[in-house]
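This is what each chain is made of:
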Amino acid sequence: VVPPRRVSVGAVITERVVSIPVEEGQAVRRGDLLVQLDDREERAAVALAQAAVAQAEAKLRQMDELGLPAALQALAQARANATQAQAAFDRARDLKAKGFVSQAALDDAQRNRDVAASQLASAQLQVKSNAAAGSERALAAAALTQARANLQAAQARLAQTAIVAEVDGTLIARTVEPGNVVQPGRELMVLAPAGATQVELSIDEKHLSQLKL
């Protein structure tokens, strides 16, 4: 009496076996733990990935809560400084035309105006980069996406340290013991899925004519 098919159980990572909570001949349900591999390194990787996600999320929140408001405030200040510097230059130019100030004073006023205009342009770019469609926020969002992907990869590897039954059935063979280091592709156990079985028998050729469905 044999099952119509068999399910091989193996690992997809190289790791040391910590425990095997099932015995040969035991019936198991889908999802039951068959082999537990050492998962200390994988758990540490998940913790690091979670920390990276938290850091990336905090960076994005900081940009929304502080970055853009601070950039807008700096822009308002830069715009006021530029307006004031332009007015000071206009006054100096008029006074120079009337001979009341020197060329050096006019040059200073022009330099102050140019510096204020440069600061205004920089503040405008900072606001743009911190806006929803700006480059700074795009970089922060991309970093968060990457951190989340790394976390998913770490969680997937951690899940691979717990080898579980894919179907209901009976454990009919086992070739692994605690302490063994398993390799990907190596058969560790064999499950006979629950359900119909079949009978295999040998019949003498002289009786073949008597067989019928």
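Residues numbered from 1 in each chain as written. Predicted model: local features only at pLDDT ≥ 70, side-chain atom pairs only at ≥ 80, totals over all residues. Heavy atoms only, no water.

**So, a nonpolar patch on the surface**
What counts is decided by this rule: Patch members must show over 30% relative accessible area and no salt bridge, and they are joined within 9 Å when carrying like charges or within 5 Å when they are nonpolar side chains of Val, Leu, Ile, Met, Phe, Trp or Tyr. The accessible surface values rely on the Shrake-Rupley method and a 1.4 Å probe; as for residues, cover is taken only from the protein chains in view. Between Lys or Arg on one side and Asp or Glu on the other, a salt bridge is scored when a side-chain nitrogen of the former is within 4 Å of a carboxyl oxygen of the latter. Segments assigned H or I by DSSP are reported as helices when at least four residues long, segments assigned E as strands when at least two residues long, and all are numbered from the N terminus.
Side chains of Val1, Val199, Leu201, Ile203, Leu208 and Leu211 sit close together on the surface and give an oily, nonpolar patch of about 620 Å² of accessible area. Locating Leu211 in the fold gives a position in the segment after strand E8 (187-193).

**Some words on the pairing of strand E6 (residues 169-174)**
Note the following rule: Strand pairing is defined by DSSP finding a minimum of two bridges between the two strands.
Of the strand pairs in this sheet, strand E3 (residues 27-28) and E6 are connected by 2 bridges, and their pairing is antiparallel. When the sheet's bridge partners are listed, Ala27 is paired in E6 with Thr170. Note that E6 and E8 share 5 bridges and pair antiparallel. In the sheet register, Ala173 faces E8, and the bridge partner there is Val190.

**What to know about the sheet that holds E3**
The 4 strands are arranged E1-E8-E6-E3 in an open sheet whose pairing can be described as antiparallel. Each having just a single partner strand, strand E1 (7-10) and E3 make up the two edges of the open sheet. One ladder, built from 4 bridges, connects E1 with E8; its direction is antiparallel. Across the sheet, the residue bridging to Val7 is Leu191, located in E8.

**Side note on the nonpolar core**
Short version of the rule: Each nonpolar core is a collection of buried residues, namely Ala, Val, Leu, Ile, Met, Phe, Trp, Tyr and Cys, held together in the definition by side-chain atoms within 4.5 Å. Per-residue accessibility, obtained with a 1.4 Å probe over protein chains only, is compared with the maximum for each type, and a residue is labelled buried under 20%, exposed over 50%, and partly exposed between these values.
Core analysis: the largest hydrophobic core is formed by 19 residues, its most contacted members being Leu34, Val35, Leu37, Val176, Met189 and Leu191. Contributing elements (two or more residues each) for this core: E1, strand E4 (33-37) and E8. With 12 residues, the next largest nonpolar core counts Leu60, Ala147, Leu151 and Leu158 among its residues.

**A closer look at the sheet that holds E4**
The strands that make up a sheet pair up through hydrogen bonds in the backbone, lying either parallel or antiparallel. Across the sheet, 4 strands lie side by side as E5-E4-E2-E7; this open sheet has antiparallel pairing. At either margin of the open sheet sits one strand with a lone partner, and together these are strand E5 (162-164) and strand E7 (181-182). As judged from the 3 bridges shared by E4 and E5, these two strands associate in the antiparallel manner. Each residue of the ladder has a partner; that of Gln36, found in E5, is Ala162.

**Focus: the layout of surface pockets**
Spelled out, the test is: Buriedness for pockets is judged along seven lines, at least five of which must meet protein on both sides within 12 Å for an open set on the 1 Å grid over protein atoms alone, while cavities are sets there where a 1.4 Å probe fits but cannot get out, and lining residues have an atom within 4 Å of a point. Grid points are joined across faces, edges and corners, and a volume is the space filled by probe spheres set on the points. Amino acids outside the nonpolar list (Ala, Val, Leu, Ile, Met, Phe, Trp, Tyr, Cys, Pro) and the charged list (Asp, Glu, Lys, Arg) are all regarded as polar, and Gly is one of them.
In this structure, the largest pocket spans a volume of roughly 170 Å³. Around the largest pocket, the lining residues are Val7, Ser8, Val9, Gly10, Ala11, Val12, Gln160, Ala162, Ile163, Val164 and Glu166. When residues of the lining of the largest pocket are assigned to their parent elements, the largest contribution, 4 residues, is made by E1. Of the residues belonging to the lining of the largest pocket, the class tally is 7 nonpolar, 3 polar and 1 charged.

**Focus: the pattern of salt bridges**
One pass over the structure, following the stated rule, counts 11 salt bridges. For Arg16, the salt bridge goes to Asp38, with nearest N and O atoms at 3.6 Å. With Arg16 in strand E2 (residues 15-19) and Asp38 in the loop between E4 and helix H1 (40-97), the pair connects residues that are 22 residues apart, well separated along the chain. Of the charged contacts, one joins Arg29 and Asp168 as a salt bridge, the two residues approaching to 3.4 Å between their closest N and O atoms. Here the residue Arg29 occupies a position in the loop between E3 and E4, and Asp168 occupies one in the loop between E5 and E6, the gap between them amounting to 139 residues. Overall, Arg29 belongs to the exposed group, its relative accessible area being 56%. Exposure remark for Asp168: the relative accessible area of 27% places this residue in the partly exposed category.

**Re helix H3 (residues 135-159)**
Rules: By this rule, a helix spans an expected 1.5 Å times one less than how many residues it contains.
Over its 25 residues, H3 runs 36 Å from end to end, which matches the ideal 36 Å to within 8%, given 1.5 Å per residue. Where H3 is concerned, the buried positions are Ala140, Leu144, Ala147, Leu151, Ala154 and Leu158.

**Focus: the side chain of Gln36**
Just so we agree on the cut-off: By the criterion applied in these results, polar contacts are pairs of N or O atoms within 3.5 Å in which, for protein atoms, one can donate a hydrogen and the other can accept it, and in which residues neighboring in sequence qualify only through two side-chain atoms.
Tracing the backbone shows Gln36 in strand E4. Of note is the side chain of Gln36, whose polar atom sits 3.3 Å from the backbone oxygen of Thr161.

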